[in-house]
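# Working through the structure, step by step
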There are 2 protein chains.
Amino acid sequence: MAVPATGWARGPPPAGLLLDINGVLYDGGGGAGGGVAIAGSVDAVSRIKQSGLKLRFCTNETQVTREGLALKLQRLGYAVDAGEIVAPAPAARQLLQQRGLRPHLLLHRDVLPEFDGLDVSDPNCVVLGDAAEFFTYDSLNEAFRVLLGLETPVLLSLGRGRYYKETDGLKLDVGAYMKALEYACDVEAEVVGKPSKAFFMAAVNDMGLTPSQVLMIGDDIVNDVGGAQLCGISALQVRTGKFMPSDEHHPSVKADGVVDNLANAVDLLLSEWKKL
Amino acid sequence: MAVPATGWARGPPPAGLLLDINGVLYDGGGGAGGGVAIAGSVDAVSRIKQSGLKLRFCTNETQVTREGLALKLQRLGYAVDAGEIVAPAPAARQLLQQRGLRPHLLLHRDVLPEFDGLDVSDPNCVVLGDAAEFFTYDSLNEAFRVLLGLETPVLLSLGRGRYYKETDGLKLDVGAYMKALEYACDVEAEVVGKPSKAFFMAAVNDMGLTPSQVLMIGDDIVNDVGGAQLCGISALQVRTGKFMPSDEHHPSVKADGVVDNLANAVDLLLSEWKKL
């Protein structure tokens with residue numbers, strides 16, 4: 001464990017935490033199934049809850065509903081309920097309603113319930129998530145035709161990740177498909193999810209806090225750490241999940257601290273800051 | 001028919017023609033099947049051949065071999081043989097051999113014979129064409145993993161088109177999938193096919209001519225007209241295929257002339273220039 005002397009643990013202690021899920025709480029197995037808890041993380045989450053710190057789980061997972069994700073976490077031993085999870089699908093739903101948009105949904109089947117009841121007739125935008133095996137030649141052509149047929153094409157992308165690791169290997173993430181549609185339709189996607197500022201702010205507001213009172217902990221140097229910092233939220237990177245040693249010399253993002261895993265982060269939080 | 005007074009028919013007559021295929025000779029139905037000859041074009045090709053002008057067909061078609069494409073054109077009434085067709089797949093094959101590359105092929109099944117006999121073991125590059133229904137979640141992940149695993153990733157893309165029209169609607173073209181892989185792997189594709197200069201020059205050289213002796217006729221303002229002009233080849237646009245009225249006011253490309261169809265172009269070529 002090494003925490004660079006960047007001062008993150010010397011300021012006032014945070015009043016709330018945002019935790020990334022995949023790569024921080026568990027490894028492998030996106031969606032509703034699979035996954036293995038990362039050593040020490042189950043206990044770390046319990047200790048955070050006992051400490052009285054406010055807590056939200058801030059994820060770009062779009063293959064499953066919040067309820068499905070909470071069930072999965074519970075199976076892995078975590079005391080998490082759906083209401084504590086901030087995810088792109090419900091954020092997109094809110095955006096669609098605010099702007100009176102009728103979406104064409106190119107999404108994984110298991111996340112569709114997050115959009116239940118919305119008017120999807122005569123669509124005037126496309127919502128793109130990590131559809132995984134539901135990315136097909138036909139489903140991509142269909143979304144493309146909807147976009148190209150719109151006078152003002154609107155593409156909402158649930159995240160902009162390049163790829164991720166599943167148990168059976170690396171997979172293209174939603175960002176790659178977003179780029180395909182952007183190019184074909186000459187449109188720029190609006191990203192809903194990390195690293196968008198609106199998404200982090202929704203999570204901060206949900207805790208009733210301000211960015212300077214919050215600490216983000218994640219494994220993705222760009223989407224977790226860089227995104228949070230752009231909102232004025234301090235951010236630690238864990239050396240689990242998709243962490244790579246080269247992240248510590250990233251050309252544009254420097255974490256406020258780097259720790260071996262969530263358990264180490266919580267040790268520091270609850271011991272160092274208690275002494276202040 | 002309107003030919004802007006841009007001087008294309010006032011210089012010395014061309015010694016050779018490059019004709020795009022889809023949208024100039026026929027409409028609809030990519031690959032080996034389907035398609036309807038455009039009115040007047042079968043006779044226009046005959047007249048070009050009788051005139052003594054040199055002729056090559058210059059296409060970005062990558063769903064079928066040159067032999068398959070020649071057969072299709074013959075069924076539509078054209079006197080064309082495979083040796084007159086300049087296409088991206090054989091150009092890519094030559095490039096692979098020159099550079100000692102072993103390709104992973106993400107291509108339509110019907111074009112694979114163009115790569116027969118090449119060493120595809122332990123691939124050190126990816127060749128991407130318009131795979132159409134062979135674009136699947138799995139085939140894209142596989143190509144992505146090959147690229148990401150290379151120390152120096154090489155992605156050869158057979159064209160960079162955004163989309164095209166099939167009988168049953170618009171389809172994403174190879175360029176969209178190229179963008180997806182470029183983004184995921186942080187790599188820039190090398191485009192083999194129009195509008196690449198090397199591709200046009202191969203066609204010009206194959207006729208034993210220089211660019212200033214050649215006239216390109218196509219329906220695509222960027223890939224046919226713009227690409228040819230960048231090589232010093234004059235280029236006419238036909239108002240068939242994917243032509244759109246807005247092409248006549250394209251922000252960066254101005255055709256040397258615009259004609260209703262190939263028959264009109266040949267009328268002008270064989271009458272106007274004969275008088276000079």
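Refer to the preceding data block for the structure.
The rules behind the values
Residues numbered from 1 in each chain as written. Chains lettered and ligands numbered in written order. Predicted model: local features only at pLDDT ≥ 70, side-chain atom pairs only at ≥ 80, totals over all residues. Heavy atoms only, no water. Contact = heavy atoms within 4.5 Å. Buried area = accessible area lost by both parts, 1.4 Å probe. Salt bridge = Lys/Arg side-chain N within 4 Å of Asp/Glu carboxyl O. Polar contact = N/O pair within 3.5 Å; in protein donor to acceptor, adjacent residues only side chain to side chain. Helix = DSSP H or I, 4+ residues; strand = E, 2+ residues; numbered from the N terminus. Buried < 20%, exposed > 50% of the residue type's maximum accessible area, 1.4 Å probe, protein only. 1 Å grid on protein atoms, 1.4 Å probe; cavity = no way out; pocket = protein on both sides within 12 Å on 5 of 7 lines; lining within 4 Å. Points joined across faces, edges and corners; volume = space filled by probe spheres on them. Nonpolar A, V, L, I, M, F, W, Y, C, P; charged D, E, K, R; others polar. Core = buried A, V, L, I, M, F, W, Y, C linked by side-chain atoms within 4.5 Å. Least-squares fit on C-alpha atoms with pLDDT ≥ 70 in both.

### Comments concerning the interface of chain A and chain B
- Counting residues at the interface gives 29 residues for chain A and 29 residues for chain B.
- Where chain A abuts chain B, roughly 2600 Å² becomes buried across the two surfaces, and 65% of that area is made up of carbon and sulfur atoms.
- Three residues, A:Y137, A:L172 and A:Y183, lead the burial of chain A against chain B; their summed loss comes to 31% of the area buried on that side.
- For the interface between chain A and chain B, the tally reads zero salt bridges.
- Counting the contacts that link chain A with chain B gives 10 residue pairs in polar contact (both at pLDDT 80 or more).
- Counting only elements with at least two residues in the side of chain A that touches chain B, the list comes to α4 (137-148), β9 (163-166), β10 (169-172) and α5 (174-185) of chain A.

### Notes on helix α2 (residues 66-75) of chain A
All names here are of chain A.
- Restricting attention to buried positions, one finds in α2 the residues G68, L69, A70, K72 and L73.
- Packed against the buried residues of α2 are β2 (26-27) and β5 (85-86).
- Two residues or fewer after α2 comes G77, characterised by a positive phi angle close to 105 degrees.

### Section: empty space enclosed by the protein
- The final tally for this structure, using the stated rule, is one cavity of 30 Å³ or more.
- As for the largest cavity, its lining consists of A:L140, A:L172, A:Y177, A:A180, B:L140, B:Y177 and B:A180.
- For the lining of the largest cavity, the secondary-structure elements that each account for two or more residues are α5 of chain A together with α5 (174-185) of chain B.
- Of the residues assigned to the lining of the largest cavity, the class counts are seven nonpolar, no polar and no charged.

### Topic: the nonpolar core
- A:L128 and B:L128 are the most contacted members of the largest nonpolar core, which totals 53 residues.
- The set of elements that each furnish at least two residues to this core consists of β7 (125-128), α4 and α5 of chain A together with β7 (125-128), α4 (137-148) and α5 of chain B.
- In contact with A:L128, not counting residues within four places along its chain, are A:L106, A:L107, A:F135, A:L155, A:L156, A:S157, A:L158, A:V174, A:Y177, A:M178 and A:L181.
- With 32 residues, the next largest nonpolar core counts A:L17, A:I48, A:L53 and A:L73 among its residues.

### Regarding the pattern of salt bridges
All names here are of chain A.
- Counted by the stated rule, this structure contains 30 salt bridges over all chains.
- For R56, the salt bridge goes to D206, with nearest N and O atoms at 2.8 Å. Taken together, the residues span a long stretch of sequence, with R56 in strand β4 (residues 54-58) and D206 in helix α6 (residues 197-206) at a distance of 150 residues.
- The class of R56 is buried, set by a relative accessible area of 17%.

### A closer look at the relation of the copies chain A and chain B
- Of the transformation placing chain A onto chain B, the axial shift is 0.0 Å and the rotation is 180 degrees, giving an RMSD of 0.0 Å. Such values leave the two copies arranged in the relation of a two-fold axis.
- An overlap of 100% is found between the interface residues of chain A and their copies at the interface of chain B, pointing to a shared contact surface.

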